[in-house]
Amino acid sequence: MKTTKWLITYAAFGAAVAFLLCACEETPTEEPAWEPLRFLGLWGSEGTGDGEFQAPTGVAVAPDGTVYVADFSRHDVQYFTAQGSFMGRWGTFGDGDGEFEHPWGLAVASDGTVYVADSHNHRIQYFTASGSFLGKWGKAGGGDGQFDTPTGIAVAPNESVYVVEAGETGRVQYFTSTGSFLAKWTGSEGGGKLVGATYLAFASGGSVVYVADAGNDRVQFFTAAGVPLGRWGVTGPGPGEFRRPGGVAAEPGGRVYVTDIANDRLQVFSPKGDFLGKWGGRGTNDRQFYGPGGIAAARDGTIYVVDRGNDRVVYYR
């Protein structure tokens, strides 16, 4: 059955996930209270055809508004207009150039280059906007430039590429745009080390990095160099609590959106983690989810959510 398949797939991957965090003195600028977003539309259903999904995981928005979606079980990437009209796809199962084994997160650079975290091949691949292979880096391992299940990926304003790993290494590494290793961090001592984080995102302006610390049911945030700035969240179903936080995105106004996978909802926070609002609950209407995963913010403030268990993308503004 589809539901059983999806739960087993996610549980198996989740076994590799665990995490931790720290708070320091510097914090991002506070923003005004949040107003609920309006539902704009959705697309997708279960299947193998164009515009269909089988456990979509990652989503990213290009500067021109094109929306890219990585599919964990189809081992491919599809791309769409901002309103969900199918444009193209690439990828199949394998370990060759342009092939994937469970692609997870993805990110788009300012020039349209698409980076994909090829999680079970333990590497990053990058492509033109239409999917032509450009290059790759990484292999399984714990050394610099190696990966233990890369999942989240983000491009900084200076075009550096940041990658978080969900395996035992529990770290963020960052690279030049073509994969040369620059530096890494693993959080901090005293409860701040990352273990198994799933997604990451830059705040508008690029000075702050948010990391979904799923195994510890919280979000951590850091400077771009990895200095801890703060954290929020504990395990639970209440406001500001999480049961496996997944995707994280910061929209241009500064607010931070976090998918709360096992609570089947989306939560909204100020830049330093004050709870602002939420919506969700398991279901299929336009404000419900089933295990939401990746999330992305477009330049115009539109929020795209990968509703993994429902095999669709939902968007709001």
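Here we summarise the structure given alongside this text. Quantities reported herein were computed from a predicted structural model and do not represent experimental measurements. (Residues numbered from 1 in each chain as written. Predicted model: local features only at pLDDT ≥ 70, side-chain atom pairs only at ≥ 80, totals over all residues. Heavy atoms only, no water.)

## Quick word on the pattern of salt bridges
So, step 1. Applying the stated criterion across every chain, the model contains 13 salt bridges.
So, step 2. Between D50 and R89 there is a salt bridge; the shortest N-O distance is 3.2 Å. Of this pair, D50 sits in the loop between β1 (39-43) and β2 (56-61) while R89 sits in strand β5 (residues 86-90), placing them 39 residues apart in sequence.
So, step 3. Since its relative accessible area comes to 35%, R89 is described here as partly exposed.
So, step 4. One connected set of salt bridges, linked through shared partners, spans D50, R74, D76 and R89. (Salt bridge = Lys/Arg side-chain N within 4 Å of Asp/Glu carboxyl O. Helix = DSSP H or I, 4+ residues; strand = E, 2+ residues; numbered from the N terminus. Buried < 20%, exposed > 50% of the residue type's maximum accessible area, 1.4 Å probe, protein only.)

## What about the sheet that holds strand β15 (residues 208-213)?
So, step 1. Overall, antiparallel pairing links the four strands, which are arranged β14-β15-β16-β17 in an open sheet. Of all the strands in the sheet, the pair left with one neighbour each is β14 (200-202) and β17 (228-232). On average, adjacent strands in this sheet sit at an angle of 20° to one another, irrespective of strand direction.
So, step 2. Where β14 and β15 come together, three bridges link them in antiparallel fashion. The residue bridging F202 from the neighbouring strand is V209, located in β15. (Pairing = 2+ DSSP bridges. Axes fitted to C-alpha atoms, helices over the stretch in contact; angles between N-to-C directions.)

## Overview of the nonpolar core
So, step 1. Of all hydrophobic cores here, the largest spans 18 residues; its most connected members are Y210, W232, V248 and V258.
So, step 2. Listed by contribution, the elements that provide at least two residues to this core are β15, β16 (218-223), β17, β18 (245-250) and β19 (256-260).
So, step 3. Here V258 is in contact with V219, F242, P245, G247, V248, R265, L266, Q267 and F269, once residues within four sequence places are set aside.
So, step 4. If you look at the next biggest cluster of nonpolar residues, it comprises 15 residues, including A183, A197, L200 and F202. (Core = buried A, V, L, I, M, F, W, Y, C linked by side-chain atoms within 4.5 Å. Contact = heavy atoms within 4.5 Å.)

## Quick notes on the environment of G283
So, step 1. Looking at where G283 falls in the secondary structure, it is placed in the loop between β21 (275-280) and β22 (292-297).
So, step 2. Separated by 26 residues in the primary sequence, G283 and G309 place their C-alpha atoms 9.7 Å from one another.
So, step 3. Sequence-distant contacts of G283, that is, excluding residues within four places in its chain, are made with Q288, F289, Y290, N310 and R312.

## Examining the side chain of H102
So, step 1. Assignment of secondary structure puts H102 in the loop between β5 and β6 (103-108).
So, step 2. Each residue touching H102, except ones within four places of it in the same chain, is listed here: F72, H75, A117, D118, S119 and H120.

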